[in-house]
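# Observations on chain architecture
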Amino acid sequence: MRKLSVDHLHGIKFLNKADIDLIFDTALNFKEVINRPIKKVPTLRDITIANLFFENSTRTKISFELAQKRLGADVINFSSSSSSVKKGESLIDTVNNILAMKVDMIVLRHPNPGSSILLSKHTESCIINAGDGTHEHPTQALLDSFSIFEKIGDLKGKNILIVGDILHSRVALSNLYLLNLLGANIKISCPLSLVPKDIEKLNVSVEPDIHKALRWCDAVNVLRVQRERMIKSYFPDNREYSMLFGLDENKISSIKKDILILHPGPVNRGVEITSGLVESNNSIILEQVENGVAIRMAIMYLLASKLNVSINE
Ligand code: CP
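For every chain, the first residue of its written sequence is number 1, and the numbers climb from 1 along that sequence. Only residues with pLDDT of 70 or above have their local features reported here, since the model is predicted, and side-chain atom pairs are shown and tallied only from 80 upward, although totals for entire chains, interfaces and linings are computed over all residues. Only hydrogens and water are removed before side-chain values are computed, so all heavy atoms of the structure are retained for them.

## Things to note about unusual backbone geometry
That bond from Gly 265 to Pro 266 is cis: its omega, -5°, falls within 30 degrees of zero. At Lys 102, a residue that is not glycine, the phi angle is positive and equals roughly 70°. Of note in this structure, Lys 256 is not a glycine but carries a positive phi near 55°. On the basis of relative accessibility, which here comes to 74%, the residue Lys 256 falls in the exposed class. Relative accessibility decides the category of a residue: with a 1.4 Å probe and only protein chains considered, values under 20% of the type maximum give buried, values over 50% give exposed, and everything between is partly exposed.

## With respect to the site of the ligand
The full set of residues close to the ligand is Ser 57, Thr 58, Arg 59, Thr 60, Arg 109, His 137, Gln 140, Pro 264 and Gly 265. Contact distances for the ligand include 2.8 Å between a nitrogen atom and a backbone N or O atom of Pro 264. Per-residue accessibility takes into account occlusion by the displayed protein chains alone, with areas from the Shrake-Rupley method and a 1.4 Å probe. Against a free-state accessible area of 250 Å², the protein chains account for coverage of 92% of the ligand. Residues are grouped as follows: Ala, Val, Leu, Ile, Met, Phe, Trp, Tyr, Cys and Pro are nonpolar; Asp, Glu, Lys and Arg are charged; all remaining types, including Gly, are polar. Considering only residue class, the shell around the ligand consists of one nonpolar, six polar and two charged. By convention in these notes, a residue is near a molecule or strand provided one of its non-hydrogen atoms lies within 4 Å of it. Polar contacts here mean pairs of N or O atoms no more than 3.5 Å apart (in protein, one a potential hydrogen donor and the other a potential acceptor; neighbouring residues in sequence count only if both atoms are side-chain atoms).

## Regarding the side chain of His 110
Put simply, DSSP marks the helices as runs of H or I at least four residues long and the strands as runs of E at least two long, and each gets a number from the N terminus on. Note on placement: His 110 falls in strand 3 (residues 105–110). Note on His 110: relative accessible area 10%, which makes it buried. Of the polar contacts made by the side chain of His 110, one reaches the backbone nitrogen of Asn 112; its length is 3.1 Å. Contacts of His 110, omitting those with residues within four sequence positions, involve Phe 54, Glu 55, Leu 91, Ser 115, Gly 131, Asp 132 and Gly 133. Throughout, a residue-residue contact means that at least one pair of heavy atoms, one from each residue, lies within 4.5 Å.

## Focus: the sheet that holds strand 4 (residues 126–132)
Sheet architecture is open: four strands sit in the order 2-1-3-4, paired in parallel fashion. Of all the strands in the sheet, the pair left with one neighbour each is strand 2 (74–79) and strand 4. Each neighbouring strand pair of the sheet contributes to a mean axis angle of 15°, computed without reference to strand direction. Alignment of strand 1 (residues 48–53) against strand 3, held across five bridges, turns out to be parallel. When the sheet's bridge partners are listed, Leu 52 is paired in strand 3 with Leu 108. For two strands to be treated as a pair, DSSP must find no fewer than two bridges joining them. For helices, the fitted axis covers only the stretch in contact; all axes are lines through C-alpha atoms, and the angles between them, taken along N-to-C directions, range from 0 to 180 degrees.

## A short note on the sheet that holds strand 6 (residues 185–189)
Taken in spatial order, the five strands line up as 7-6-5-8-9 in an open sheet, and their pairing is parallel. On the outer flanks of this sheet lie strand 7 (204–206) and strand 9 (260–262), each paired with one strand and no other. Strand-to-strand twist of the sheet, defined as the mean angle between neighbouring strand axes without regard to direction, takes the value 25°. Note: strand 5 (residues 159–163) against strand 8 (residues 219–222), four bridges, orientation parallel. If you follow Leu 161 over to strand 8, its bridge partner there is Val 220. Against the sheet, helix 6 (residues 170–182) makes contact with strand 5, strand 6, strand 7 and strand 8, and its axis sits at roughly 170° relative to strand 5, the strand it touches most.

Okay, here's the thing in structure tokens:
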């Protein structure tokens, strides 16, 4: 059986091309499973997985939980807002108490960059990073590229554009690592104040003219402006941002070609993208959400097969 090169999923940075091929092949199999009339398999029947969310989430949390249930795993959900974290308990103490209840795998979303790596150094469990601050969101990047791959095939040599708040985005960083592994050509378009330092080291070119960038690309991934992570003002206001970098029908129709439009969500309609484009034929936003379940099933299955537990093939 082919195996992942890693024992945890901390970030795309730690994966190689063979890992990505294995994850996509496995996700294709699981996508077929979740489209059957009976969507459940007993693969992880003997495994218990805890979802630990120290930050808000809609898509990622539900998607992981559904993926776990489709694989037949036992699931525990933990949310920091209703836990003893409020009484001062540390992340490591919280997790070790949960692990004492014989949990095999942890899915962690946490506001601190590096939290999943820290946790794996202090616990025995397999850790999956479901978003660590502004650092990485590996399963989101995997489902983004998988969704593009499903539509237009191998990403090698394809032109992929990321528009939006690159500076504060863990989705952007994971996508940049992954698009490099897949051999895509990458551009970003955003206000220069939102371009991360040294971005060109990731084989990325910056195109401040969104019209040029859209004409160039095969697919555009639109990111939200993350006001909650901004410690200062990076552009005058939402109206000016939308005018210059927001995707709207005029900008898309002027390029006179079909491109795929992706968005990891949550969408701020009317700021980074119009409602009309979210629901247009170019948009694959809800297909991304569907693919998220298959990708997460693949990751948990592949990581579980490296644990000393029984897997029901
Ligand atoms: N894309 C994403 O991570 O969405 P949530 O914050 O709702 O999980």
